[in-house]
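# Coordinate inspection notes
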Amino acid sequence: MRRIVYLLIFCCIINACEGFLSKSPDSAFDIEIDSEDKVAELLASAYPNASYFSFLEGRTDNVGERIYGERYQLNEAMYFWEDYEQDDLDTPLFYWNSCYRGIAQANKALEVLSRFPKSDRVKALYAEAFLLRAYLHFMLVNIWAQPYRGEASKEILGIPYITKVEKNALPNYKRNNLYDVYELIEKDLKRGITLVTNDFYEHPKYHFNKKAAYAFASRFYLFKADWQRAKQYADYVLGADSKADLKPWYKYEQKYRFNREDLYKDYSATDNPANLLLSTTESRWARNLKTQAYATTDKQMDDIFNKQGIKACADFKNMNLEPCYVFNSSAYPVKDGAYIAKYSELSTYLSVGTKPKGLYNTNILFSVEEVLLNRIEANTMLKDYEAAVNDILNFLQAKYNIVPPCGVSSFTSSGNTALYNNLSPFYGLSIRQISLIQIVLDFRQKEFLQEGLRWFDIRRFNMSIQRNSNNPRYRSLEKDDPRKTLQIPAEAIRQGLEPNYRNNQLYIIR
């Protein structure tokens, strides 16, 4: 929660990007930033103070309709894949503004740093600014633009990539194409990684430390389908023993069996070696996920945690892993609601009323688990099946104390027509690859429940989603459904930013 201090300070002195494109995102800096310490504080407050967990998780196949669950407009709109324009905690607009605010601050830091002698600390600040600018644009483009598709991305709208401090009151921003956005992200990422260091940080888990930077690189190159680079960056993070720093779910179950609400003390702790980058966000997510109407139900919990496994591996066809994850049941009157207490919550005097603010959660932005799963996927695509399976076995042993007695062929022989129909990324998959990829996706779905990351896999692999709903608002989410890409905020469209298409028609501002 250390970053709350920075957030509160800079909310008072910096109003950058409060409504991106409604005014200059950079022109509202009203203090003089004239020292390395001030630049460091500026960058510390540039990490997103908004969470994407709530609005992305509700769009995934992790959620169903809970009986007697509490109804919130945002939660319901996300469940039916609708556009949502209101500005509040946990909304798409809140996250959009937070990211562009952070980009503005990173650009301001880079401008100021250009005036300083290139000391070791200044180089480290450069690294953090470049990495932040890359990460924030990466998250924006993977929410508000279509997934990357190689050369075809040159014909796809991306997002505005902002690299300079804006001096005009109403800048005329345009959307770069998706290919160029990825090129610019990669350029900033490489600059940052070249200079990144673990020195100078009192609390390195709240900054782009070296492992966090390499974890980001492994995700970026995975999304770009550059398997060799994704593997290389993952190798650095994981070191010689890929299972050493993983979260041991079977031990958590033993420790928290009778006090499950305290799981967050280990799960999101700064001293947990699995957590590589943390961020403090203003969010109602820790409380809403327990009781809201559209969230994980007992059925989803059973389907995801007990009915997935290694299909060609005898007793491990369905792995009953739900007990390891220390689930809680939603409180009365909600029926069939399930959640994991991954999040702590710090509240202030503002945290009252029907839409309380001043609620702070710790979000894990990068973890060792993600990096290991990234490497398994990369090795699968490189056709190094033995290395991929070895990592899966290490994953199972470290997290669940399970070692399936199955050879490589058991992991690569369950591909079938149904999997081909469900998983169709732009680069194509062989039978052996699709079998392993499905296993990786299943473990990602378990590991990052309630964290929104499932949505990126649904988009990358072009999956469809069918809900069990009789609501007249419901239309199943098809593989190439335009609703997989969130609509550009209405205020940005009014200022001239081109909208995303909806059902082959331009978005109309009401």
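Residues numbered from 1 in each chain as written. Predicted model: local features only at pLDDT ≥ 70, side-chain atom pairs only at ≥ 80, totals over all residues. Heavy atoms only, no water.

### Some words on the nonpolar core
Among the nonpolar cores identified, the biggest contains 162 residues, and Tyr52 and Phe208 are the most heavily contacted of them. If you tally residues by element for this core, the top one is helix 6 (residues 120-144), at 17 residues. In contact with tyrosine 52, other than residues within four places in its own chain, are Tyr95, Tyr135, Met139, Leu365, Glu451, Leu453 and Phe456. (Core = buried A, V, L, I, M, F, W, Y, C linked by side-chain atoms within 4.5 Å. Buried < 20%, exposed > 50% of the residue type's maximum accessible area, 1.4 Å probe, protein only. Helix = DSSP H or I, 4+ residues; strand = E, 2+ residues; numbered from the N terminus. Contact = heavy atoms within 4.5 Å.)

### Notes on helix 8 (residues 210-223)
The end-to-end C-alpha separation of helix 8 is 20 Å, in line with the 20 Å expected for 14 residues at 1.5 Å each. The buried count for helix 8 comes to twelve of 14 residues, which makes it a mostly enclosed element. Every buried residue of helix 8 is listed here: Ala212, Ala213, Tyr214, Ala215, Phe216, Ala217, Ser218, Arg219, Phe220, Tyr221, Leu222 and Phe223. The N-cap residue of helix 8 is asparagine 209: its side-chain oxygen and the backbone nitrogen of lysine 211 are 3.2 Å apart. Taken from the residues just after helix 8, alanine 225 is the one with a positive phi, measuring 65°. (Expected span 1.5 Å × (residues − 1). Polar contact = N/O pair within 3.5 Å; in protein donor to acceptor, adjacent residues only side chain to side chain.)

### Structural notes on the packing of aromatic side chains
Here the distance between the centres and the angle between the planes together describe a pair of aromatic rings. On inspection of all chains with the given rule, the structure shows 43 aromatic pairs. When the centroid spacing of 6.2 Å and the interplanar angle of 50° are considered together, the rings of phenylalanine 223 and phenylalanine 456 count as tilted. In this pair, phenylalanine 223 is assigned in helix 8 and phenylalanine 456 in helix 19 (residues 454-460), connecting sequence segments 233 residues apart. Pair check on accessibility: phenylalanine 223 and phenylalanine 456 agree, each one buried. (Phe/Tyr/Trp six-rings, centres within 6.5 Å; stacked < 30°, edge-to-face > 60°.)

### Re the layout of surface pockets
Over the atoms rolls a probe the size of a water molecule, and its path tells where empty space is left. In this model, the largest pocket occupies a volume close to 770 Å³. Surrounding the largest pocket, 29 residues form its lining, Asp61, Lys299, Asp303, Ile304 and Gln445 being those nearest its centre. Elements with a minimum of two residues in the lining of the largest pocket: strand 1 (64-65), helix 13 (298-306), helix 17 (417-422) and helix 18 (431-447). With five residues, the top contributor of residues to the lining of the largest pocket is helix 18. Along the lines of polarity and charge, the residues of the lining of the largest pocket split into seven nonpolar, 13 polar and nine charged. (1 Å grid on protein atoms, 1.4 Å probe; cavity = no way out; pocket = protein on both sides within 12 Å on 5 of 7 lines; lining within 4 Å. Points joined across faces, edges and corners; volume = space filled by probe spheres on them. Nonpolar A, V, L, I, M, F, W, Y, C, P; charged D, E, K, R; others polar.)

### Remarks on the confidence of the model for the chain
When pLDDT is averaged across the chain, the result is 91; 91% of the residues are at 70 or more. This model gives residues 1-18 a pLDDT under 50, and the stretch forms 51 contacts once residues within four places in sequence are excluded. (pLDDT = per-residue confidence, 0-100.)

### Quick notes on the pairing of strand 7 (residues 359-367)
For strand 7, the tally of buried residues reaches nine of nine residues, placing the bulk of the element in the interior. Here seven bridges tie strand 2 (residues 275-282) to strand 7, and the two strands are oriented antiparallel to one another. In the strand pairing of strand 7, threonine 281 is matched with asparagine 361. Relative to strand 7, strand 6 (residues 346-347) is paired through two bridges, and the arrangement is antiparallel. The residue bridging leucine 346 from the neighbouring strand is tyrosine 360, located in strand 7. (Pairing = 2+ DSSP bridges.)

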